[in-house]
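Listed below are the residues making up each chain.
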Amino acid sequence: MEIKNPFKKVSSDDLKTKLSMSEQRLTTREKELIRKRDQARNEAKKALANGNDREYRVASRRFSMIEGQVSTISSMVEMAQSMSDVIEMESGLNEVVEIGQNLGQWQKQLGFDNTKLESAVTNIRTSMDKVNTATNMMTSSMDAAMAGGTELSEMQDSLRSELLAELSSEDTEEDSFSKKLESEMKE
């Protein structure tokens, strides 16, 4: 008698085939049970309409048992479909892993040192973070300085008024001085 290894790995294609066959069998059984469930429901409805309590109990019990089986089989069909999806994803992941390994080998053949490359990328990211932090701090400082802008602009406006007043008085003095010079030159 030959003992089969229960942990022997089955190929993806074999597993997909087995799952597909199981899913078809379960779906066929599910359809058959749904038909029987609907029939039991109709019998229970008829018995209830006729006032036959015993037939109603028998038909409703049959309906309940079949409904439980339909629910279980529906779950199994969903599980088989999910397992098929997982097998397809596994095939794609295997390809990606293989390509990744090939890329790693080619990088080594080209002389790229992954650790140096990763270290450089980390240093660049760290530097960028520091620059961003410093920029944010300077922006915050500028915002804070400008936030007191109402006081600053009031002072600037006051100074402007003061200086304009001084300039206009100087212009008046210069004008009077210029007029005196002009008048003396004409004489």
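Just so you know, these numbers come straight off a predicted model, no measurement behind them.

Q: Even after reading the chapter, I still don't get the overall build of the protein chain, so can you show me in this structure?
A: When its secondary structure is counted, the protein chain shows four helices and zero strands. Listing the helices and strands of the protein chain from first to last along the sequence gives α-α-α-α. Each of the 187 residues in the protein chain was classed as buried or not, and the buried ones make up 11%. In the protein chain, 72% of the contacts between residues at least 6 apart in sequence involve partners at least 24 apart.

Q: Explanation requested: the side chain of glutamate 23 in the structure shown.
A: Relative to the helices and strands, glutamate 23 is located in helix α1 (residues 12–50). Buried glutamate 23, no salt bridge; nearest opposite-charge side chain is lysine 31, N-O distance 10 Å. Once residues lying within four places of it in the same chain are set aside, the contact partners of glutamate 23 are Val77, Ala80 and Gln81.

Q: I would appreciate a short explanation of the nonpolar core in the present structure.
A: A general tendency of soluble globular proteins is for nonpolar side chains to be buried together. Leu26, Leu33, Ile66, Val70, Ile73 and Val77 together form the largest nonpolar core, which totals six residues. Taken together, the elements giving at least two residues each to this core come down to α1 and α2 (53–110). Considering each element in turn, this core owes the most residues, four residues, to α2.

Q: Honestly, a nonpolar patch on the surface in this entry has me stumped. Any pointers?
A: On the surface, a cluster of nonpolar side chains totalling about 280 Å² of accessible area is made up of Met76, Met79 and Met83. Residue placement: methionine 79 occurs in helix α2.

Q: Explain α1 here, please?
A: In an α-helix there are 3.6 residues to a turn, and that puts residues three or four apart on one side. Compared with an ideal rise of 1.5 Å per residue, which puts 39 residues at 57 Å, α1 spans 56 Å between its outermost C-alpha atoms and is within 8% of the ideal. A positive backbone phi angle near 80° is found at glycine 51, which sits one or two residues after α1.

Q: Sorry, what's going on with the pattern of salt bridges here?
A: Here the idea is simple: oppositely charged side chains can pair when their charged atoms come close. On inspection of all chains with the given rule, the structure shows six salt bridges. Residue arginine 29 is joined to glutamate 32 by a salt bridge in which the shortest nitrogen-to-oxygen separation is 2.8 Å. Of the two residues, arginine 29 and glutamate 32 are both situated in helix α1; the distance of three residues between them amounts to about one turn of the helix. Judged by relative accessible area, which is 33%, arginine 29 ranks as partly exposed. For glutamate 67, the salt bridge is made with arginine 37, and the minimal N-O distance between the two is 2.9 Å. Placement of the pair is glutamate 67 in helix α2 and arginine 37 in helix α1, with a sequence separation of 30 residues. Under the relative-accessibility criterion, glutamate 67 is labelled partly exposed at 31%. Take arginine 37: its relative accessible area is 18%, and that puts it in the buried class. Taken together, the shared-partner salt bridges in this structure form one network comprising Arg29, Glu32 and Lys36.

Q: Is there a simple way to think about the environment of glutamate 43 in this case?
A: Structurally, the position occupied by glutamate 43 is in helix α1. Those residues within four positions of glutamate 43 in sequence are excluded, and the remaining contacts are Ala59 and Arg62.

Q: Help me understand the environment of leucine 15, please; the structure alone is not making it clear to me.
A: Mapped onto the fold, leucine 15 is located in helix α1. Residue class for leucine 15 comes out partly exposed when judged on its relative accessible area of 30%. In the structure, leucine 15 is positioned 72 residues away from isoleucine 87 in sequence and 8.2 Å away in space, judged by C-alpha atoms.

Q: Got a minute to help me understand the packing of α1 against α2 in this structure?
A: In a pair of packed helices, the angle between the axes and the distance between the axes together describe the arrangement. At a minimum axis distance of 8 Å, the contact between α1 and α2 shows a crossing angle of 160°. Considered as vectors, α1 and α2 are oriented roughly antiparallel to each other. The chirality of how α1 crosses α2 is left-handed. Class assignment for the residues of the contact of α1 with α2 results in 20 nonpolar, eight polar and 13 charged.

Q: How do you make sense of α2 when you look at a structure like this?
A: The end-to-end C-alpha distance of α2, which contains 58 residues, comes to 85 Å, matching closely the 86 Å that a straight helix rising 1.5 Å per residue would cover. Here α2 has its buried residues at Ala59, Ile66, Val70, Ile73, Ser74, Val77, Ala80, Ser84, Ile87 and Gly104. Considering only its buried residues, α2 is in contact with α1. Of the residues flanking the start of α2, the one acting as N-cap is asparagine 52, its side-chain oxygen 3.5 Å from the backbone nitrogen of arginine 54. The positive-phi residue at the C-terminal boundary of α2 is glycine 111, with phi of around 95°.

Rules of the game
Residues numbered from 1 in each chain as written. Predicted model: local features only at pLDDT ≥ 70, side-chain atom pairs only at ≥ 80, totals over all residues. Heavy atoms only, no water. Helix = DSSP H or I, 4+ residues; strand = E, 2+ residues; numbered from the N terminus. Buried < 20%, exposed > 50% of the residue type's maximum accessible area, 1.4 Å probe, protein only. Contact = heavy atoms within 4.5 Å. Lys, Arg positive; Asp, Glu negative; His and termini not counted. Salt bridge = Lys/Arg side-chain N within 4 Å of Asp/Glu carboxyl O. Core = buried A, V, L, I, M, F, W, Y, C linked by side-chain atoms within 4.5 Å. Patch = residues over 30% accessible without salt bridge, like charges linked within 9 Å, V, L, I, M, F, W, Y side chains within 5 Å. Areas by Shrake-Rupley, 256 points an atom, 1.4 Å probe, with all protein chains shown as cover. Expected span 1.5 Å × (residues − 1). Axes fitted to C-alpha atoms, helices over the stretch in contact; angles between N-to-C directions. Parallel < 35°, antiparallel > 145°, perpendicular 65-115°, else oblique. Left-handed = near helix turned anticlockwise from the far one by under 90°. Nonpolar A, V, L, I, M, F, W, Y, C, P; charged D, E, K, R; others polar. Polar contact = N/O pair within 3.5 Å; in protein donor to acceptor, adjacent residues only side chain to side chain.

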